[in-house]
Structure formats: structure tokens, C-alpha cells
Amino acid sequence: MHVNGIEKWLERRGVVIDDIAEIVLALQHPYNADLTVEECRLSVLAVLDKREVQYVLYTGIALDELAERKLLPEPLQSIMEKDESLYGVDETLALGITNVYGMIGLTSFGYLDKMKPGIIRHLNVKGERIHVFLDDLVAGLAAAASARIAHGDPKAIQYHLPDSP
């Protein structure tokens, strides 16, 4: 599976696929005890293979990097440096990833955005690097990969329409 360089962009920012796969496993394990981290990794890569997901990630990562180099116009530069709580554009951009797999992705994203497990928590810590977008984008990616697994679970109940009323 070729992901057109987005893995390199993520790694440049300190995120590896296995970090995201661990979050996906934690989300899905209560519903699928047989799930492996490798299956979760493959799901993350499948989500990353979608061009619309790549575009969202490129955009958010570029904005974080421009903010680090102080290249954004005001007041956006100050908003990014402070990671203003009312900004919300970072979450809105991440929803572009979660929506690829429907409502379950959205609810998982909300949970991850609130709890900030693993690499998401690490990215959210304020320091030299700015990750205003990336923490939410990683949460969106994990939520979408988790939803993808849930949608493909062969144990999920299938409902069928009656032939006629």
C-alpha cells in the first residue's frame, strides 16, 4: 500500500503508524478481542491511502510548520502559538478524516479529543513545536481507522429489509 509520502510527513512531526495503531486497538478491543495491532496498522494505512485524507493531513501539518517558523499573518500566528481553545478550525479539519467512515468515526473522534491517549497527548503538550492541527488530525485518523474496522467486522449484525410490507 503506497501512501504518497504522507508517512514521511507524519514521521517528520514525531508520529509513526504504530502509535496510531495502538490507539485504534484500544478503541476496538472491547468489541473485538481477537483484533491485532497489525490489523489496526493495516487499517490506518488504508485510511491514509485515501487522497482526501492525505490532503487534510498535508494542510494541517503545513500550517503547524508555518506557525513554528512564525510565517503566518496576524492574528493567525498568535492564535496558533497560544493554541486558542475557541479556534476550533483544527477540530473541523480533522472531521474531514473522521467523516470518511461515518458517525462511529465522529463519536470516536470526540472521545479521543477529550481523553487524548498516547501520541495524541504527547502532541498536545505545548513546547517548542506547534501541533495545533496534528493532535486532532491523528485523533481523526485513529477514529477513522477504528470505524473502518467496526464497519468491516464480520460479527456485526446485518439487518435486511422485508420483501414487501
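What this report covers is the structure whose coordinates are included nearby.

What follows covers the pattern of salt bridges. Counting across every chain of the model gives 8 salt bridges. Among the salt bridges present, the one from Lys70 reaches Glu81, with a minimum N-O distance of 2.9 Å. With Lys70 in the loop between α4 (51-68) and α5 (76-82) and Glu81 in helix α5, this residue pair connects regions lying 11 residues apart in the sequence. Note that Asp113 and Lys116 form a salt bridge whose closest N and O atoms lie 3.2 Å from each other. Within this structure, Arg12, Arg13, Glu65, Glu68 and Arg129 form a network of salt bridges that share partners.

Quick look at the environment of Asp18 now. With respect to the element layout, Asp18 can be found in helix α2 (residues 17-28). A relative accessible area of 41% means that Asp18 is categorised as partly exposed. Along the primary structure Asp18 and Asp113 are separated by 95 residues, whereas in three dimensions their C-alpha atoms are 19 Å apart. A polar side-chain atom of Asp18 sits 3.0 Å from a polar atom in the side chain of Arg41.

Of the positions making up helix α6 (residues 89-98), those classed as buried are Asp90, Ala94, Ile97 and Thr98. Around the axis of α6, the buried residues are gathered within 90° of arc, so they sit on the same side. For α6, the elements touching its buried residues are α3 (37-48), α4, α7 (103-115) and α9 (134-151).

The next thing to look at is unusual backbone geometry. Following Glu74, the chain continues to Pro75 via a peptide bond in cis, the omega torsion being 5°. Mapped onto the secondary structure, Pro75 falls in the loop between α4 and α5. A positive phi is found at Lys70, a non-glycine position, where the angle reads about 60°. Non-glycine residue Asp83 carries a positive phi angle of around 50°. Tracing the backbone through its elements, the reader meets Asp83 in the loop between α5 and α6.

Thresholds, definitions, all that
- Residues numbered from 1 in each chain as written.
- Predicted model: local features only at pLDDT ≥ 70, side-chain atom pairs only at ≥ 80, totals over all residues.
- Heavy atoms only, no water.
- Salt bridge = Lys/Arg side-chain N within 4 Å of Asp/Glu carboxyl O.
- Helix = DSSP H or I, 4+ residues; strand = E, 2+ residues; numbered from the N terminus.
- Buried < 20%, exposed > 50% of the residue type's maximum accessible area, 1.4 Å probe, protein only.
- Polar contact = N/O pair within 3.5 Å; in protein donor to acceptor, adjacent residues only side chain to side chain.
- Arc of directions from axis to C-beta.
- Contact = heavy atoms within 4.5 Å.

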